[in-house]
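Observations on the three-dimensional arrangement
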Amino acid sequence: MVGFDPNSKSGALSAETAALAGSASGMVTRAMISPFDVIKIRFQLQIEMLSSQNRKGKYWGLRQAAHRILTEEGLPAFWKGHVPAQLLSVCYGAVQFVSFEFLTEVVHKSTPYDSQTPSMHFVCGGLAACTATVVCQPLDTLRTRFAAQGEPKVYRNLRHAVSSMYMKDGIPTFYRGLTPTMIAVFPYAGLQFFFYNVLKRIMLGQPSEVSSKGSFRGLLCGSCAGVISKTITYPCDLLKKRLQVGGFEEARVQFGQVRSYRGLMDCVARIAQEEGPQGFFKGLYPSLVKAALATGFTFFW
């Protein structure tokens with residue numbers, strides 16, 4: 001079971017072990033789900049409608065988008081931004097799972113609550129994710145910009161991107177979209193840990209009864225938890241992506257219309273006005289595929 005378990009025969013995980021496990025799971029999972037992430041980001045940033053009946057935008061379907069990216073930019077395009085994405089996954093996984101182990105242990109030892117209940121996993125999982133988000137937000141912004149740019153590239157490599165962004169807008173540019181991220185990350189991660197806990201108890205019984213053969217059922221539990229939590233919190237993820245590419249309009253012109261937003265509320269208002277309620281759920285399908293794979297395999301590994 002993920003988190004501090006007072007009934008575990010092997011004892012509590014050390015911070016080093018939790019960090020290594022979290023980093024390794026994030027790294028392996030990131031390599032697997034990167035193509036879905038790139039397509040999802042392209043969908044999220046498209047102003048035009050995503051519809052096969054109304055083909056005004058560059059992309060209008062998952063298969064069509066995959067074929068177009070492959071044709072225009074080649075196979076490596078599905079791993080654009082993979083270096084900062086891997087740094088993000090390794091860093092985020094380490095901080096999140098170390099924080100989660102620490103918080104669940106504190107709950108068990110310093111409060112009257114049971115650290116293995118779903119409600120405690122919701123709270124501790126949300127707080128752990130908030131901690132990891134603040135630490136890793138610059139890497140998330142870099143990953144988004146690399147995945148968003150087409151050909152020719154605006155940023156040649158990671159060093160060029162960092163220096164260009166810093167020279168143009170300073171440190172704050174690396175934290176664009178932090179507000180909707182923080183609004184979304186607590187319930188998203190909290191619900192991931194909550195539903196993973198609930199589903200695993202239903203499928204496998206109590207944590208002490210879980211054996212190694214339950215790993216694939218754990219994969220299924222993690223996948224279901226990822227889909228549920230992502231669906232609930234998806235609009236905040238889209239808002240974050242729109243804000244992260246602010247000041248990056250020159251790399252987006254070839255994809256269609258571009259927008260500059262003054263802040264979170266302006267972004268919400270303009271999407272609602274110009275794109276309608278469905279605008280907040282652009283890219284949901286590839287995002288759910290990604291969430292199922294990412295969450296499932298993160299807990300599995």
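As a starting point, this report considers the structure included with it. (Residues numbered from 1 in each chain as written. Predicted model: local features only at pLDDT ≥ 70, side-chain atom pairs only at ≥ 80, totals over all residues. Heavy atoms only, no water.)

1. Observations concerning the overall build of the protein chain
Filter applied, for reference: A helix here means a DSSP run of H or I that spans at least four residues, while a strand means a run of E at least two residues long, and both kinds are numbered starting from the N terminus. The globule rule is 2.2 Å times the number of residues to the power 0.38, and the radius of gyration it is compared with is taken over C-alpha atoms. Categorising residues by exposure relies on relative accessible area from a 1.4 Å probe, with only protein chains included: less than 20% of the type maximum marks a residue as buried, more than 50% marks it as exposed, and the intermediate range marks it as partly exposed. Note on definitions: a residue-residue contact is assigned when non-hydrogen atoms from the two residues lie within 4.5 Å.
A tally of regular secondary structure across the protein chain gives 9 helices and 0 strands. Along the chain direction, N to C, the helices and strands of the protein chain fall in the order α-α-α-α-α-α-α-α-α. Over its C-alpha trace the protein chain gives a radius of gyration of 20 Å, about what one expects of a compact globule, namely 19 Å for 301 residues. Seen through its C-alpha atoms, the protein chain measures out along the principal axes to roughly 55 × 40 × 35 Å. Evaluated residue by residue, the protein chain yields a buried proportion of 51% over its 301 residues. When contacts within the protein chain are restricted to residue pairs at least 6 apart in sequence, those whose partners lie at least 24 apart make up 79%.

2. A look at the packing of aromatic side chains
Filter applied, for reference: For Phe, Tyr and Trp, rings pair up if their centres lie within 6.5 Å, where Trp contributes its six-membered ring, and each pair is then called stacked (planes under 30 degrees apart), edge-to-face (over 60) or tilted (otherwise). In our convention, an over-ring charge means Lys NZ or Arg CZ found within 6 Å of a ring centre and within 35 degrees of that ring's normal.
Summed over the entire model, instances satisfying the criterion amount to 7 aromatic pairs. A centroid spacing of 6.3 Å and a plane angle of 45° characterise the contact between F43 and Y59, whose relative ring orientation is tilted. Here Y59 lies in the loop between α1 (15–45) and α2 (62–73) and F43 lies in helix α1, a separation of 16 residues in the sequence. As far as the burial class goes, F43 and Y59 line up, both buried. Chaining the aromatic ring pairs together yields one cluster made of F97, F100 and F193. Here the basic side chain of K230 rests over the ring of Y188, its NZ or CZ set 4.6 Å away from the ring centre.

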